[in-house]
Every structure is written in C-alpha cells, then in structure tokens.
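Listed below are the residues making up each chain.
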Amino acid sequence: MQTTTVQTQPISGQKPGTSGLRKKTRVFMQPHFVENFVQSTFDAVDGVAGKTLIVGGDGRYFNAEAIQVILRMAAANGAARVITGTDGLLSTPAASNLIRQRGADGGLILSASHNPGGPDEDFGIKYNIANGGPAPEAITAAIHARTEEISEYRIVEAQDVDLGHPGETSLANMSVEVVDPVAAYAELMQSLFDFDAIRGLFASGFTMRFDAMHAVTGPYATAILEGMLGAPKGTVVNGTPSTDFGGGHPDPNPVWAKTLFDEMMSDAGPDFGAASDGDGDRNMILGRNAYVTPSDSLALLAANAHLAPGYAKGLSGVARSMPTSRAADVVADRMGIPAFETPTGWKFFGNLLDAGKATLCGEESAGTGSDHVREKDGLWAVLLWLNILAVRKESVADILAAHWASFGRHYYSRHDYEGVDAAAANAMVADLRDRLAGLPGSQVAGLTIEGADDFAYSDPVDGSTSTGQGLRILFEGGSRLVIRLSGTGTEGATIRVYLERYVPGPDGLHEDPQSALAPIIAAAETLAGLKATTGRDGPDVRT
Ligand code: G16
C-alpha cells in the first residue's frame, strides 16, 4: 500500500470555534479541506506515530467519506490503531468514554452537533485529548497556526475500509477496530445508575417519550431505555439516525423539538419527556406540563445526584459556563461545595474535572455532564433524572416546584438573533464593551446596574487565562444580562442575549418566564440596540 505525500497550500478559515471546526458541509467537501485540517491536527499534537485514536461521528452527511480520509491519513502518519463504531457512528459522549476506557491518545469527532446536516447544511471536526475532552485552547490555537503554514499532507492510497460490522482489519500497518458503538457506553451508565429502580419505575406504568431527533442517540436510547430498562417499545421516537436528521434541526429545545414539547404540555402527555441532539451530548428535560430549563436542570441534578449510586458519596463541586443561570451556585452554596464559573465551551471544564474540583458541570445550551466522561452527555442526564424520579416518586412538575420553593427561582431565557451581519454584530458588541466601565450605578429600564464587565477566566488548575468571553451586566437584586456572539454558527454572526432574574420566593415563583424577564429584556434593548443592529423586531429563537 502506497503512502503519498500531497503538496497543499493553507486554506483560510480553519480556526476552531467554541467546539472544533464547524463550517458548511460544502466547505469541508472542497479539495484538501479535510486533509489540511486533519494533518494540521496531527502535526499540532506532535504527530500520531504509534498512537491509538478514536474516530467517530454522528452519522451526518459526509461523515462516512471524511472518516475514510481520516483512516487513510492516520495510517500514512504511522498511527498504530484507530477504533471506531459500526458505520463510523459514535455519540460524542461515547467517543469520550472510549478514549478514556481504551487509553487512547486522542480522538477525532465528526459532528456539527445540533446544527442541521446535509450537503447544504453543516459539518464539523473536533479533536479530543487523552482525558476524553475537547482540546484546550492551547491545542486548538496550535492547530490553527499549523493550518496557516501547512505545505503537505500524507495519505495512503487504498480502498475504503468496511466499517459495517464489529471486527478488526488493517490499513497499511495500522489496525482498524470496529466496535459496537453502544456497548461500552451502556456498561458505564449501568455502573452509575440504579437500573433496578428505573426498571421498577417503568414496570409501575410510568410513561416516557424520548425524541432522538433522527440522530445518533437513537441506537443508544433504544438499547438502554427499551432494551435494558424495560420501557415500552415506542418510548424512543425518531430513533434511526439519518444523514440529514430527517430534514430537521437536531437541537433539543422547545422550538426544534416542538412535537415532543407540545405532547408534554398536554394533560394526556407522558410522565417524562426528553430529547437529545445530533451528536448526543445535549439534552432537554420535560415533565407533563413542565419544562425544565437547562440551568434549572443542572441545579436540580446537583441537589439530587446523591440519590444515584454513582454519586452517593456527594459532589466535590459544581461548574457552569458563565451565561448559565446561577441556580446551581445557590445549591452549591447550601451544600457547602465550590461553584465554578467558566467561559462557554465544554473544554473549560476538563481541568476542573481532572483535578477532582468539580463532579457535575452544565451549560445553558442544554448540556449537562459529570466526571464520568469529559463531554456533556445527553442520555446520562436523562438517566440521572430517571434515577431521581424512581427514588423520589414525584412528578417532574412537583420536583421543580419544591426546588424553587427551597432555593428560589432563576427565571431564565436566551434570545438568539441568527445570521446577523457579522460586522454589525461585532460593532454592537464593541460599542457596548466600551461603555461597560461607566454603567455601574446607572439606571436602565427601571433597574439599577450594580456591575458590568467583559468576562475573563483564569483556570484555577493550570493558570491559563481566557479574555473577551462575554459582556456581563449585573443588576441590583440578583438579575443579570449577558451578551456574547456564538462560536458555533456557520453563517454570519449569532447574537446571544442571556436573561436572568432571581426571585427568592415564596411569592412569584410561577410566572411566565418571558413576562417575569420583561424588565431585563427592555434593558437589553436599551443598552445594546438590538433592533437597530439586526433590523428585526425580536429574536429568531427564544429558549
Ligand atoms: C458547543 C459547546 C458548548 C457551548 C455551545 C454553544 O456545544 O461544546 O460548550 O455551550 O457550543 O456555544 P456558542 O454559544 O458559542 O454557540 P455543542 O453541543 O454545539 O458542541
């Protein structure tokens, strides 16, 4: 088998964002695009000679072709072994687990997460390090630097490797191992949760709907919920992964999982509802007539995790991304454990988890996870909720109400303005940033501003710093407004406006969130001029 060294030139626009490199699929399909990025990644981690890599993706359009390229390049660069799932499928948390469990040196995950898939939609590649987590900024910066100077890549000339069945083959001198994508992950879940108790819950007639959104969690959810836990057939819907996610937008929120949401908001709905995203790391949690915001879910899981065997000894700490509501901080404070506030991006949790400083992590963007892997994990969150429901034997709505009564409620919503002209969005953020220092003490929309800054983070483990992570405006009484630009969009800019209002209770805990947040929404408009910048009357998506 012949190894070819192909001459190439740098291709602009290969800078990884919040979570790896995400672009339109057709951009990835350009000649040399995948090859340049993969070779740059290999070069940035001192090569892959003799190393073991995990490679897998969420099955979206171009996944199969990109994996074959990666296999041929890994072989040409001297990798010893690549492990992948059947048909190249691996959910992001399952890939993280395999990296850790198999002692791999790293992995490449092919996904654009919750973004739609297809030839005219989105694709992505992300490198994860040996702890199973997304590469930290130092490595993504090195990858980017390498993409700007690359002059050649190595690839073997070979037929496609058959990835259709578990087993082992070789490609040049490299072993290619295909594994059942679900088995090791299901075993890990069984080690964390009381499967007998959850089986008992389903046996008692408890009903659930899991919307896999035609994405990668379908096989995982079907095997675990229906196969191992005895949930009735049909509990999992849209469970067969398709390359374009059934033409949908695999983002588990009330907008994109509307069918599930509407079913759960009716008196005839099941007891429990959940959904996961394209690559299986995000989740949405619902009860009958109850929507649990991701921020509330993190707080609630932190307060109740000890009910699951894997967390019975308690939590070392809780971490959340800065824009995530501070509901988890209130729980951590009551529990006497530390609460960490990191920039947006799961990669910032890695050091805290490795150092044992945090056990649970979560983000407003529908991600929750723990130290069992180094990615957020959609199905894990669903199983922890099921374990809690099996022990507490209360409805989701009652558990939520009891939580607010005990800790107070952080009303929360995120308003997204998508596909905005990037120059206009950047100018708006720059202008507000320039005015931050003068804001404290002033009044806006009837609220008094207590503090304002551009969030910067200093990692307590390795001392690395990250600046410019989002504009924070804190109001008297515990309300908050955060504005930042998304790092995962593929077209123009997405402005994210995060709105939070704390009500300690006992009164005012059951208002409509958009009404409860009206003063903060008005303050955002006055401070940032969103209508003028976007030319729109309101956000495109409210979650
Ligand atoms: C990624 C990151 C998350 C982040 C989210 C949104 O999630 O892993 O940490 O919260 O993007 O980021 P942004 O606000 O910059 O768009 P995923 O599920 O897309 O991999």
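Residues numbered from 1 in each chain as written. Predicted model: local features only at pLDDT ≥ 70, side-chain atom pairs only at ≥ 80, totals over all residues. Heavy atoms only, no water.

- The name that an unreviewed UniProt entry assigns to the chain is phosphoglucomutase (alpha-D-glucose-1,6-bisphosphate-dependent), with the source organism given as Pontivivens insulae.
- For the chain, the Catalytic activity (unreviewed entry) comment in UniProt is given as "alpha-D-glucose 1-phosphate = alpha-D-glucose 6-phosphate".
- Under Sequence similarities (unreviewed entry), UniProt gives the following word-for-word description of the chain: "Belongs to the phosphohexose mutase family." (UniProt positions renumbered as here; feature names shortened; annotations may be inferred.)

Focus: the UniProt feature "domain: Alpha-D-phosphohexomutase alpha/beta/alpha" (unreviewed entry) in the chain
Right, on to step 1. Under the feature "domain: Alpha-D-phosphohexomutase alpha/beta/alpha" (unreviewed entry), the UniProt entry names residues 14-153, 184-286 and 295-406.
Right, on to step 2. Along residues 14-153 the backbone is 36% helical and 21% strand, and the end-to-end C-alpha distance reaches 15 Å.
Right, on to step 3. When the span residues 184-286 is considered, its composition is 36% helix and 15% strand, and the gap between its end C-alpha atoms is 27 Å. (Helix = DSSP H or I, 4+ residues; strand = E, 2+ residues; numbered from the N terminus.)

Some thoughts on the sheet that holds strand β24 (residues 471-475)
In a beta sheet, neighbouring strands pair by backbone hydrogen bonds and run either parallel or antiparallel.
Right, on to step 1. With antiparallel pairing, 7 strands are arranged side by side in an open sheet as β20-β21-β24-β25-β26-β19-β27. The open sheet has two edge strands, β20 (443-444) and β27 (541-542), and neither has a second partner.
Right, on to step 2. Relative to β24, strand β21 (residues 447-454) is paired through 5 bridges, and the arrangement is antiparallel. Counted as the bridge partner of Asp453 is Arg472 from β24. (Pairing = 2+ DSSP bridges.)

Considerations on the pattern of salt bridges
Right, on to step 1. Inspection of every chain in the model, using the stated rule, returns 31 salt bridges.
Right, on to step 2. The residue Arg26 makes a salt bridge to Asp120 at a minimum N-O spacing of 2.8 Å. Here Arg26, found in helix α1 (residues 25-28), pairs with Asp120, found in the loop between β5 (106-110) and β6 (122-129); they are 94 residues apart in sequence, far enough to count as distant.
Right, on to step 3. On the basis of relative accessible area, Arg26 is assigned to the partly exposed category, the value being 48%.
Right, on to step 4. Here Asp58 ties to Arg60 by a salt bridge, and the two come within 3.0 Å at their closest N and O atoms. Pair check on accessibility: Asp58 and Arg60 agree, each one buried. (Salt bridge = Lys/Arg side-chain N within 4 Å of Asp/Glu carboxyl O. Buried < 20%, exposed > 50% of the residue type's maximum accessible area, 1.4 Å probe, protein only.)

Quick word on the site of the ligand
Right, on to step 1. If you check the shell around the ligand, you find 19 residues, and the closest are Glu363, Arg484, Ser486, Gly487 and Thr488.
Right, on to step 2. Between the ligand and Ser19 there is a distance of 3.5 Å, counted from an oxygen atom to a side-chain nitrogen or oxygen.
Right, on to step 3. In this structure, an oxygen atom belonging to the ligand sits 2.6 Å away from a main-chain N or O atom of Gly487.
Right, on to step 4. In the shell around the ligand, the residues fall into 2 nonpolar, 10 polar and 7 charged. (Near = heavy atom within 4 Å. Polar contact = N/O pair within 3.5 Å; in protein donor to acceptor, adjacent residues only side chain to side chain. Nonpolar A, V, L, I, M, F, W, Y, C, P; charged D, E, K, R; others polar.)

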